[in-house]
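# Summary of the model geometry
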Amino acid sequence: MNPVRNFNKSVGKSGISNGVKVVFCSSEVFGFAKTGGLGDVAAALPAALVKENCEVKVFMPLYKGINPQKMHKGYGTTIKGGIEFFFIKNDEYFLRDSIYVGADGRDYPDSVERFSFYSRRVLEILEEVGFRPDIIHCNDWQASLVNVYLKTLYGKDKFFKNTKSVLTIHNMAYQGIFPKKKFSRIGIDAKYFDQKYLEFYGKVNLLKGGIVFSDVVTTVSPTYAKQIKTPEYGCGLEGVLAQKGKHELGILNAIDYDVWDPSRDELIYKKYSPKTLDKKAENKLGLQKELGLKQDSQKLLLGMVSRLAEQKGIDILSKALDSILGEHQVVILGLGEPRYHKILKDKEKKFKDSLSVSLKFDETLAHKIYAGCDVFLLPSRFEPCGLSQMISYKYATLPLVNHTGGLVDTVIDVEAGGGGFVFKKYDRGEFIKTVSRGARTFRDKKRWKSILEKVTKYNFSWEIAASKYIRMYKRLIKN
Ligand code: ADP
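Predicted model, so just to flag it, every value in this text is computed and none were measured.

### Describing helix H7 (residues 206-213)
Extensive coverage of H7 is indicated by the burial of seven of its eight residues. Along H7, the residues that are buried comprise Leu206, Leu207, Lys208, Gly209, Gly210, Ile211 and Phe213. Structurally, the start of H7 carries an N-cap: the backbone nitrogen of Leu207 is 3.1 Å from a side-chain oxygen of Asn205.

### Concerning the side chain of Thr168
With respect to the helices and strands, Thr168 occurs in strand S7 (residues 164-169). A relative accessible area of 1% means that Thr168 is categorised as buried. Within polar-contact distance, the side chain of Thr168 engages the side chain of His137 at 2.6 Å. What Thr168 contacts, discounting residues up to four positions off in sequence, is His137, Cys138, Asn139, Asp140, Thr218, Thr219, Val220 and Tyr469.

### Quick notes on the environment of Arg121
Within the secondary structure, Arg121 sits in helix H4 (residues 111-129). When the C-alpha positions of Arg121 and Leu378 are compared, they lie 38 Å apart, and in sequence the two are 257 residues distant. One polar contact links Arg121 to Glu128, side chain to side chain, over a distance of 3.5 Å.

### Here's the deal with the site of the ligand
As a matter of local geometry, the ligand sits amid 19 residues, with Gly37, Asp40, Arg307, Lys312 and Tyr370 nearest to it. Lys312 is positioned such that a nitrogen or oxygen atom in its side chain is 2.8 Å from an oxygen atom of the ligand. In this structure, a nitrogen atom belonging to the ligand sits 3.0 Å away from a main-chain N or O atom of Asp362. For the ligand, whose free accessible area comes to 570 Å², the fraction covered by protein is 92%. Those elements that provide at least two residues to the shell around the ligand are helix H2 (37-51), strand S13 (301-308), strand S14 (329-336) and helix H14 (363-372). Top element by residues in the shell around the ligand is S13. It accounts for three residues. Of the residues contributing to the shell around the ligand, the split by class is seven nonpolar, six polar and six charged. Per-domain counts for the shell around the ligand show at least three residues from each of domain 1 (3-254 + 462-478) and domain 2 (274-455).

### A few points about the packing of aromatic side chains
Evaluated as defined, the whole model comprises 29 aromatic pairs. For the ring pair Trp260 and Tyr395, a centre distance of 6.4 Å and an interplane angle of 75° mean the geometry is edge-to-face. Here Tyr395 lies in the loop between helix H15 (388-394) and strand S17 (398-402) and Trp260 lies in the loop between strand S12 (249-250) and helix H11 (280-290), a separation of 135 residues in the sequence. According to the relative accessible area criterion, Tyr395 is buried, its value standing at 0%. Members of the aromatic cluster, each reached through a chain of ring pairs, are Tyr63, Tyr93, Phe94, Phe115, Phe117, Tyr118, Trp141 and Phe178. Cation over ring: Arg120 sits above Tyr149, and NZ or CZ is 5.7 Å from the ring centre. Just above the ring of Phe442 sits the side chain of Lys445; from NZ or CZ to the centre is 3.6 Å.

### Some points on the packing of H2 against helix H19 (residues 462-478)
Taken N-terminus to C-terminus, the directions of H2 and H19 make an angle of 70°; their axes are 9 Å apart at the nearest point. Classified by the interaxial angle, the pair formed by H2 and H19 is roughly perpendicular. Listed contacts from H19 to Val41, Ala44, Leu45, Ala48 and Leu49 of H2 are Trp462, Ala466, Tyr469, Ile470 and Tyr473. In the contact of H2 with H19, the residues fall into 10 nonpolar, no polar and no charged.

### What about the nonpolar core?
Residues Cys25, Leu49, Phe59, Ile186, Leu198, Ile211 and Tyr473 are the most contacted members of the largest nonpolar core, which totals 90 residues. When residues no more than four places from it in sequence are discounted, the contact partners of Ile186 are Val112, Ser116, Arg120, Leu145, Tyr149, Leu198, Val204 and Leu206. Grouped together as the second largest cluster of nonpolar side chains are 70 residues, Leu407, Val414, Val435 and Trp448 included.

### Quick look at the domain arrangement of the protein chain
Taken domain by domain, the protein chain holds domain 1 (3-254 + 462-478) and domain 2 (274-455). Using C-alpha coordinates to define each centre, domain 1 is positioned 31 Å away from domain 2. With 22 residues of domain 1 at the contact, the number on the domain 2 side is 20 residues. Approximately 1,700 Å² of surface area, both sides summed, lies buried where domain 1 meets domain 2, with 63% of it carried by carbon and sulfur atoms. Taken together, domain 1 and domain 2 are joined by one salt bridge.

### A word on the pattern of salt bridges
Oppositely charged side chains are able to pair whenever their charged atoms sit close together. In the structure shown here, the tally under the stated rule is 33 salt bridges. With its nearest N and O atoms 3.8 Å apart, the salt bridge here joins Lys57 to Glu55. Relative accessible area serves as the criterion here: at 12%, Lys57 is assigned to the buried category. With a relative accessible area of 36%, Glu55 lands in the partly exposed category. One salt bridge in this structure joins Glu266 and Lys271, with 3.0 Å as the shortest N-O distance. Classification of Lys271 as partly exposed rests on a relative accessible area of 36%.

### Structural notes on the pairing of strand S16 (residues 375-378)
Going residue by residue along S16, you find Val375 and Leu377 tucked away on one face and Phe376 and Leu378 tucked away on the opposite face as well. In the sheet, S13 pairs with S16 via two bridges, with the strands oriented parallel. Each residue of the ladder has a partner; that of Leu302, found in S16, is Val375. The pairing of S16 with S17 spans four bridges and is parallel. Across the sheet, Leu377 pairs through a bridge with Leu400, a residue of S17. Handedness of the crossover joining S16 and S17 through H15: right-handed.

Thresholds, definitions, all that
Residues numbered from 1 in each chain as written. Predicted model: local features only at pLDDT ≥ 70, side-chain atom pairs only at ≥ 80, totals over all residues. Heavy atoms only, no water. Buried < 20%, exposed > 50% of the residue type's maximum accessible area, 1.4 Å probe, protein only. Helix = DSSP H or I, 4+ residues; strand = E, 2+ residues; numbered from the N terminus. Polar contact = N/O pair within 3.5 Å; in protein donor to acceptor, adjacent residues only side chain to side chain. Contact = heavy atoms within 4.5 Å. Near = heavy atom within 4 Å. Areas by Shrake-Rupley, 256 points an atom, 1.4 Å probe, with all protein chains shown as cover. Nonpolar A, V, L, I, M, F, W, Y, C, P; charged D, E, K, R; others polar. Domains from an automatic or database assignment. Phe/Tyr/Trp six-rings, centres within 6.5 Å; stacked < 30°, edge-to-face > 60°. Lys NZ or Arg CZ within 6 Å of the ring centre and 35° of its normal. Axes fitted to C-alpha atoms, helices over the stretch in contact; angles between N-to-C directions. Parallel < 35°, antiparallel > 145°, perpendicular 65-115°, else oblique. Core = buried A, V, L, I, M, F, W, Y, C linked by side-chain atoms within 4.5 Å. Buried area = accessible area lost by both parts, 1.4 Å probe. Salt bridge = Lys/Arg side-chain N within 4 Å of Asp/Glu carboxyl O. Pairing = 2+ DSSP bridges. Right-handed = clockwise from strand over helix to strand, strands pointing away.

What follows is the structure, given as structure tokens:
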């Protein structure tokens, strides 16, 4: 089945009526704190679950800058959009300028202490407030210990007797691996420092603990679900996942059209809809001007909004820039590894009129890039799901992607009737060739317009994903 075409159909409410009680645990939630896709998902999925009548409580740390509506002893709460958000307070651990890394760009050395504190508090607070969840749904290594504690410290606790646990892996490459000496900080029996549990080549691996102790493990796209069972993508945990066997599911992420919709977007230069696509040009000219590029609607403008990590294909992109920039323009918004910051800034000096590099996290500029560019670049080496390609479609910006992970499930090449440009080998030359193909298509104005009209109709809304999660929750509750 063609997954994109399947998504073209507008899907109504799932029709499942239910009252599933869900506790959703994430170290970031858009609207309060976000560094990447996890933040988007942790805001949008709970909202979609509530629309399907689930009762949802979201737990995250109380970071600097978050102001809860109410403070209680040890945590804050905010009610928004029918969801109760719990913010776990520990100023020593969470009142910091950035949420994961210090000024040196490295993970904080007390990450085990921070996230084991967070995880334990989730279960304590649930008992304090008397909320007995049917499902605890944890995300990534930072929240994995919630599910570990549920089966260890709380294994015999009657309060959670009927609670089932889910772990969603948003990226296998981030596992929360720490030195052995940190194990005692987790506070569980020493017998769990064993390769059957949290031990991983002599170290502590929090994500592994999450996988072992959760009732169900999922990831964020069908293709990535298959890939992570192989040594190439499993990052050493493929064997552990294989033991979970059939439990391992891939549910494609989606995007929140309340946040990402150019006809309602207050952050872009000029709003537009599929019927007024000509207004997109004002966004292109506005972006070129703001970023100091030559204002020219005929030049192909390629954009990228991304963490600057090896995963995202920055190495082939930076090596390709010399060939691309002679003819086209590129704008990059990103933050990440210092080595990439330097490489990109050096290129920017060389190509002042055609390359703009903004090294920061900037929600507004991100929206302007989705709206202003012709093509959005995702040359990822691997990609669990990727949200930017789905956002791009909505903004009538065509994604150019490497054929991997969630990008396989969401982008079909224009030559095969889809709405993007796909290269099938992670390679600088393939990437450059695909940019040229994109440029040729761009020059064929009639064809370009018809592709834009098509992609703006794609539907990647959370309704579909939420109904799949609910079906899985119900299956779990029943067993
Ligand atoms: P990942 O989670 O691997 O970083 P995703 O594609 O799943 O990648 O999600 C990335 C999200 O973060 C998108 O919403 C993207 O627009 C946003 N984003 C990434 N970098 C920045 C940045 N520097 N400024 C603003 N938004 C960013």
